[in-house]
Amino acid sequence: MDRSQMQGLLRDMLRARAFEEAAAQGYAEGKIAGFLHLYPGEEAVAVGVLHAAEPGDYVVSTYREHVHALVRGIPARQIMAELYGKKTGISGGMGGSMHLFDRERRFLGGYAIVGETFPIALGAGYAVAYRRLPEAVICFFGDGAVNQGTFHESLNMAALWKLPILFVCENNHYQIGTEIHRHSAIVDVYKRACAYGIPAEQVDGMEVLAVHAAAQRALERVRSGDGPQFLELTTYRFRGHSMADPGSYRPEAEVKAYEAADPIAAALHEFQLRYPGAADLAAAGNDCLQRFTDHCCQEGHLDETALARLQAEVQAEIEDARRFAEESPEPSMEEARAILARNHRLETVVEAQA
Amino acid sequence: MSEILYWQALNQALDAELAADDAVFTLGEDVGLYGGTYRVSEGLMAKYGEWRVRDTPISENSFTGLGVGAAMLGLRPVVEIMTINFALFAMDSLVNMAAKIPFMSGGQFPMPLTIRMPGGVARQLGAQHSQRLESMFMNVPGLRIAVPSTPQDAYWQLRQAIRSDDPVIVLEHELLYFSKGEVDTHASAPPLHQALIRRPGRDLTCISYSRMVPLALEAAQALHAEGVEMEVIDLRSLSPIDWATCVESVLRTHRCLIVEEDCRFAGVGAELAAELQERCFYQLDAPIQRVAGLDLPTPFNAKLEAASIPRQEDILKAARALLNLPQGES
Ligand SMILES: Cc1ncc(C[n+]2csc(CCOP(=O)(O)OP(=O)(O)O)c2C)c(N)n1
Ligand SMILES: [Mg+2]
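No experiment lies behind these values; they were computed from the predicted model shown.

Procedures and definitions
Residues numbered from 1 in each chain as written. Chains lettered and ligands numbered in written order. Predicted model: local features only at pLDDT ≥ 70, side-chain atom pairs only at ≥ 80, totals over all residues. Heavy atoms only, no water. Helix = DSSP H or I, 4+ residues; strand = E, 2+ residues; numbered from the N terminus. Expected span 1.5 Å × (residues − 1). Buried < 20%, exposed > 50% of the residue type's maximum accessible area, 1.4 Å probe, protein only. Arc of directions from axis to C-beta. Contact = heavy atoms within 4.5 Å. Core = buried A, V, L, I, M, F, W, Y, C linked by side-chain atoms within 4.5 Å. Near = heavy atom within 4 Å. Polar contact = N/O pair within 3.5 Å; in protein donor to acceptor, adjacent residues only side chain to side chain. Nonpolar A, V, L, I, M, F, W, Y, C, P; charged D, E, K, R; others polar. Patch = residues over 30% accessible without salt bridge, like charges linked within 9 Å, V, L, I, M, F, W, Y side chains within 5 Å. Areas by Shrake-Rupley, 256 points an atom, 1.4 Å probe, with all protein chains shown as cover. Salt bridge = Lys/Arg side-chain N within 4 Å of Asp/Glu carboxyl O. Buried area = accessible area lost by both parts, 1.4 Å probe. Domains from an automatic or database assignment. Donors = N, O, S within 2.8 Å, 3.2 Å for Na, K, Ca; no water. Pairing = 2+ DSSP bridges. Axes fitted to C-alpha atoms, helices over the stretch in contact; angles between N-to-C directions.

A. Looking closely at helix H6 (residues 149-160) of chain A. Residues and elements named next belong to chain A. Taking 1.5 Å as the rise per residue, H6 with 12 residues should run 16 Å; its terminal C-alpha atoms sit 17 Å apart, in good agreement. All buried positions along H6 are accounted for by Thr-150, Phe-151, Ser-154, Leu-155 and Ala-158. Across the axial projection of H6, the buried residues extend over an arc of 125 degrees, all falling on one side. The secondary structure elements touched by the buried residues of H6 are helix H5 (117-130), strand E3 (137-142), strand E4 (165-171), helix H8 (190-194) and strand E8 (229-234). Looking at the residues trailing H6, positive phi occurs at Lys-162, about 50 degrees.

B. Fine view of the nonpolar core. The biggest cluster of nonpolar side chains holds 69 residues, and the ones touching the most others in it are Leu10(A) and Met80(A). Here this core takes 11 residues from helix H1 (residues 3-28) of chain A, the largest share from any one element. Listed in part, the 53 residues of the second largest apolar core include Leu27(B), Met117(B), Tyr209(B) and Ala273(B).

C. Representation of the site of ligand 1 in the model. In the vicinity of ligand 1, 22 residues are found, and the nearest of them are Tyr63(A), Arg64(A), Ala112(A), Gly144(A) and Glu60(B). At 2.9 Å from an oxygen atom of ligand 1 is found a side-chain nitrogen or oxygen belonging to Asp143(A). A class-by-class count of the residues in the shell around ligand 1 yields 11 nonpolar, 7 polar and 4 charged.

D. Quick peek at a nonpolar patch on the surface. A cluster of nonpolar side chains, Tyr126(A), Tyr130(A), Leu160(A) and Trp161(A), forms an exposed patch at the surface whose accessible area comes to about 520 Å². Mapped onto the fold, Tyr126(A) is located in helix H5.

E. Quick look at unusual backbone geometry. All names here are of chain B. Going from Ser-239 to Pro-240, the amide bond is cis rather than trans, its omega being -5 degrees. Within the secondary structure, Pro-240 is located in the loop between strand E12 (237-239) and helix H9 (243-253). A positive phi is found at His-254, a non-glycine position, where the angle reads about 70 degrees. Following the sequence through the fold, His-254 ends up in the loop between H9 and strand E13 (256-263). Unlike most non-glycine residues, Ala-266 shows phi in positive territory, near 55 degrees. Within the fold, Ala-266 resides in the loop between E13 and helix H10 (268-280). Given the relative accessible area of 54%, Ala-266 is considered exposed.

F. The interface of chain A and chain B, seen in detail. On the side of chain B, 38 residues touch chain A, which itself brings 46 residues to the contact. Regarding the contact of chain A and chain B, the summed buried area is about 3400 Å², with carbon and sulfur atoms giving 63% of it. On the chain A side of the interface with chain B, the three residues burying the most area are Ile113(A), Arg182(A) and Met333(A), jointly 17% of the side's total. Joining chain A to chain B, the criterion identifies 2 salt bridges. In this structure, Lys303(B) and Glu330(A) form a salt bridge, with 2.8 Å as the shortest nitrogen-oxygen distance. Sorting the residues of the side of chain A that touches chain B by element identifies helix H4 (76-83), helix H7 (180-183), helix H10 (252-259) and helix H15 (333-341) of chain A as the ones contributing at least two each. Here the element with the most residues in the side of chain A that touches chain B is H15(A); it accounts for 4 residues. Residue classes in the side of chain A that touches chain B are distributed as 21 nonpolar, 17 polar and 8 charged.

G. Representation of the domain arrangement of chain B within the structure. Residue and element names in this part refer to chain B. Domains assigned within chain B are domain 1 (2-183) and domain 2 (196-322). The gap between the C-alpha centroids of domain 1 and domain 2 is 26 Å. Taken together, the contacts link 27 residues of domain 1 with 28 residues of domain 2. Both sides together, the interface formed by domain 1 and domain 2 hides about 2200 Å², and carbon and sulfur atoms give 52% of it. Area buried by domain 1 at its contact with domain 2 is led by Gln-124, Arg-132 and Met-138, which between them contribute 29% of it.

H. Representation of the coordination of the magnesium ion (ligand 2). Residue and element names in this part refer to chain A. Donor atoms from the polypeptide that bind the magnesium ion (ligand 2) are Asp-143 (OD), Asn-172 (OD1) and Tyr-174 (O), placed at 2.0 to 2.1 Å. Donor residues for the magnesium ion (ligand 2), ordered by position in the chain, follow D-x28-N-x1-Y. Residue Asp-143 is located in the loop between E3 and H6, and its partner Asn-172 is located in the loop between E4 and strand E5 (174-175); the two are separated by 29 residues in the primary sequence. Residue classification places Asp-143 among the buried residues on the basis of a relative accessible area of 1%. Overall, the relative accessible area of 5% leaves Asn-172 in the buried class.

I. The arrangement of the sheet that holds E3(A) in detail. All names here are of chain A. Overall, parallel pairing links the 6 strands, which are arranged E2-E1-E3-E4-E8-E7 in an open sheet. The open sheet has two edge strands with one neighbour each: strand E2 (107-111) and strand E7 (200-204). The sheet shows a mean angle of 15 degrees between the axes of neighbouring strands, direction not considered. Strand direction decides the pairing type here: E7 and E8, joined by 5 bridges, are parallel. Note that in E8 the partner of Val-203 across the bridge is Leu-233. Lying over the sheet, H6 contacts E3, E4 and E8, oriented at roughly 150 degrees with respect to E4.

In structure tokens form, the structure reads like this:
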């Protein structure tokens, strides 16, 4: 990997972190509402995988998809404007944080019902194979999603018909408040793919270079017609499940739940946030962004001034996106109705009277 | 008697039934350690253990089906589906299994299954997380649906649902969990499916349910200031519907306005209007009117979202129009 590729990875990881922090800020200020699921801690996953993707590939993601969209090339302005519900958002203000779509960049959407990304990817893979094109479909999902029936149904069909799909499990070990050992009989998620004969690998999702290399290998095989591939990337989210979730359930919460039955402890009910924060993880040496920045510096790809410049550019881009979102106009109800009726444009349909 | 929140009322009801009958157990995503997304099962896992308060994987179809199978063996499962939007994955268990087994088996298998879930438009959760869908379940014979609008009803209707031998959906509302009200845990509760007149009135009947009830009551208060007395009926149940209470009221007021949060097309109001005109046609002074959600996936944008479901001014306008009154300033 050459220096500019390395810097490209780092730049996107920094953009990802900065974008999400700006979104959190917008939420705290009451400018963004609804569920807001953020990505800090998991950047190496989206960045490593999507830097191995070609423009001709398709991407299917979940409700935690801002960073996938950003790295895929959707301008920060349009993503932020969507979070603000503005007309200039990538989904016209109709979708919101969990539903970013971009036809042009082959971003097939963020899906908020867990387990939906599998059949969407399956259909996209079918269409690609149908046309015998050398393209791949990249399907993102969490560790919690693999217990939905659609996971098993889709993996079977993908393997059966050798569909060009790269399944990417973002294993952050939590399904909201339920830790993986309490939701899955098999906690090495990649092993499940073996049941369908799909080649699968478990990779450290905190190491962007390892993720990138694994994704590149897998995507080459997918594009060459070998059928589906599976990557399990182990990672961790620094924040709660969403902005509405203080995330106070990790080990101390177990104590809290049991103590809640104790009338004395019940009085001491409200615990402060005990969730390991970004600082704790960085101190423990497991922040993917910090790790990669250190690596780039040590290898001589980056010096302090270059890093500072990069960070300044990233901040300026995100600040511009925020301002753009704030200043953009809102969509109208007429626009909403027109969107709903858009597919009628080539036919005569009896319109419902409102 | 004490003032508590809606979620606390549900929590107390669940606690009471778990304590009263060891055949009762609950399961769902994050109901245990986390205490439930809306805190409804808070503290219960510590009290009753994991066999009775079970955290599940994200497998709605199969854990709802688990409830069906366990009910066939005489347990009384209370399945929490985190929101009604995810119940679409459980439709087979609910519609093909729970609703059919008691009948298809010739009555051999009761189905003491309770499904708890919230529905409704909350605040900017997007089109996939803002659905109401109650009319879909109404169209399934064999399912019963309770729609509590107050903490008191949440408490008693959940207890009654758990004690019922039929599958009962207790449909909660995301924006009601933090509403406050008095709960009398010693009162004798009205039957599970009985409608209640929340506010009497002579000029028109407003029929509503769930979160639209407080909205209708506010509108009734505003109309009172204009000299209009709107009766407000809280259905409390969507299947079966307490027609007697609705018909008696409409025969008195001769005018009927239905307020529903769900989409207008083929919705709850359509069923109400059809049945009530069959029963009350010659006593009506005006066509039955509906104030309902727009037939549109819920837009994310806050203003459009708010405009996509009934607001107080929509109810006021419809009520005045029904009575041929001028619209005034608002
Ligand atoms: C079918 C369905 N059930 C439940 C939910 C509520 N829910 C949203 S995210 C989530 C946890 C998903 O965990 P995981 O797949 O590991 O993804 P992560 O959020 O950790 O990225 C749950 C239970 C949902 N959105 N859809
Ligand atoms: Mg997870």
